[in-house]
Amino acid sequence: MSFEDTLATHFPGAVTDGEFVTRSYAALRAHGFQPMNTFAGVGLCRDELTRPLADKIRETWGETFNISSLAGMLFLGTAGFTASLHHAPDDDQGTRHIYFAMPHIGINSGEEIGWCYRSGQQQISKACGALVAFREELESGTLRVDMDPDNLEQSMLKQRLIHKLRYGKVPGLITMTKLTHEAILEDLERMIRLTIDTSRSHYAILTGIQIHGPHNRTYIWPGKMYAVVEGKRHPLSLEEPGDGAKKKLVRRAGRSSGGAKRRKP
């Protein structure tokens, strides 16, 4: 299976990282979020592979607050989230905050899940290394979930994700990455409930999975995306005007060609 087929099968709706930032910006502007009145928190893996996405977000929204940890997990707690709230621009209509949070995975081809090529390296490399290491422990039966003071973030990652797994089952890396996305979303929403006063602040959540493909191409599979303005929740979409009409035309064309009967020779 090719990279394109793998992407379409496991991450339908994925767009390039540039499209993700541009389209989400347009969706957020419709709800009053602009660089001059909004402060962004960015939670990605510490891996340098995620840096181009972080840079695109910063170039679009201005300086950001780093909420990142290994695999994109959110370990800064209420103190870290509360600190970020005090960095938002002043606004008479209430402060605005957006949170980008997602794990990542390398896919070089359908047979090379969890692998990608890094700039300056000739050999293929693992991504996400933290999740791959966790799976290797599970597969070898040597998993340790005690807190290692010399490996705090990986210890917390394992403790958080072990509750997402079925006993005795080792999920594939794609499934593991999607479970990590679920955990990140749950933790992000909990931190927001604990720190944000929605009577005075507005916020938006944009989660997903960052996918590193061949030839240094990066895609984003959109996960949960919504804005809460004046206490009301609004879903966000990456679709551009006309996308819906294009999809309808494709479906109609497919039905027309599929429904035609062939004449016997």
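Once a new chain begins, its residue numbering starts again from 1 and follows that chain's sequence as written. In keeping with the model being predicted, local features are shown solely for residues with a pLDDT of at least 70 and side-chain atom pairs are shown and tallied solely at 80 or more, while totals for entire chains, interfaces and linings include all residues. Side-chain metrics rest on all non-hydrogen atoms present in the structure, leaving aside hydrogens and water.

Draft legend 1. Fine view of the pairing of strand β4 (residues 95–101). Judged by how many residues are buried, β4 sits mostly within the fold: seven of seven residues are covered. Judged by which residues are buried, β4 turns out to be covered on both faces: T95, H97, Y99 and A101 on one side and R96, I98 and F100 on the other are all buried. Here strand β2 (residues 38–43) pairs with β4 via six bridges, running parallel. Paired with A40 across the two strands is I98, which belongs to β4. A pair of strands is considered paired only if DSSP assigns at least 2 bridges between the two. Strands here mean DSSP runs of E at least two residues long; helices mean DSSP runs of H or I at least four residues long; both are numbered from the N terminus. One ladder, built from seven bridges, connects β4 with strand β9 (residues 201–212); its direction is parallel. When the sheet's bridge partners are listed, H97 is paired in β9 with Y203. Partly exposed describes any residue whose relative accessible area lies between the buried limit of under 20% and the exposed limit of over 50%, with all areas from a 1.4 Å probe on protein chains only and scaled to the type maximum.

Draft legend 2. Structural view of helix α2 (residues 17–29). Given a helix with a known number of residues, its expected span is that number minus one, times 1.5 Å. Taking 1.5 Å of rise per residue, the 13 residues of α2 would be expected to cover 18 Å, and the 18 Å separating its terminal C-alpha atoms lies within 8% of that figure. All of the buried residues along α2 are D17, F20, V21, R23, S24, A27 and L28.

Draft legend 3. Geometry of the packing of aromatic side chains. Note on ring pairs: Phe, Tyr and Trp rings are taken, using the six-membered ring of Trp, and paired if centres are within 6.5 Å. Classes follow the plane angle, with under 30 degrees stacked, over 60 edge-to-face and the rest tilted. For the structure shown, the criterion picks out six aromatic pairs. Ring-over charges, as used throughout, are those where CZ of Arg or NZ of Lys falls within 6 Å of the ring centre and within 35 degrees of the ring normal. Taking NZ or CZ as reference, K178 lies 5.5 Å from the ring centre of W221, over its face. Positioned over the ring face of Y226 is R233, at 3.6 Å from the centre of the ring.

Draft legend 4. Structural context of the pattern of salt bridges. Any Lys or Arg side-chain nitrogen found within 4 Å of a carboxyl oxygen on Asp or Glu counts as a salt bridge. Tallying each qualifying case throughout the model produces 17 salt bridges. Across the salt bridge formed by R135 and E139, the nearest N and O atoms sit 3.2 Å from each other. Within this pair, R135 and its partner E139 are both found in helix α5 (residues 129–140), separated by four residues, close to a single helical turn. Classification of R135 as buried rests on a relative accessible area of 15%. Across the pair E137 and K158 runs a salt bridge, and its minimum N-O distance is 2.9 Å. Of this pair, E137 sits in helix α5 while K158 sits in helix α6 (residues 152–161), and the two are 21 residues apart along the sequence. A residue is classified by how much of its surface remains accessible, and K158, at 7% relative accessible area, is buried. Salt bridges sharing partners connect three or more residues here, namely R160, K164, E182, E186, D187 and R190.

Draft legend 5. Molecular detail of the pairing of strand β5 (residues 104–109). Counting buried positions along β5 yields six of six residues, so the element is predominantly enclosed. With three bridges connecting them, β5 and β9 associate as parallel partners. Bridge pairing in β9 places H104 opposite Q210. In this structure, β5 lies alongside strand β6 (residues 112–113), joined through two bridges in antiparallel fashion. Across the sheet, the residue bridging to I107 is I113, located in β6. Following β5, the chain reverses through two residues before pairing antiparallel with β6.

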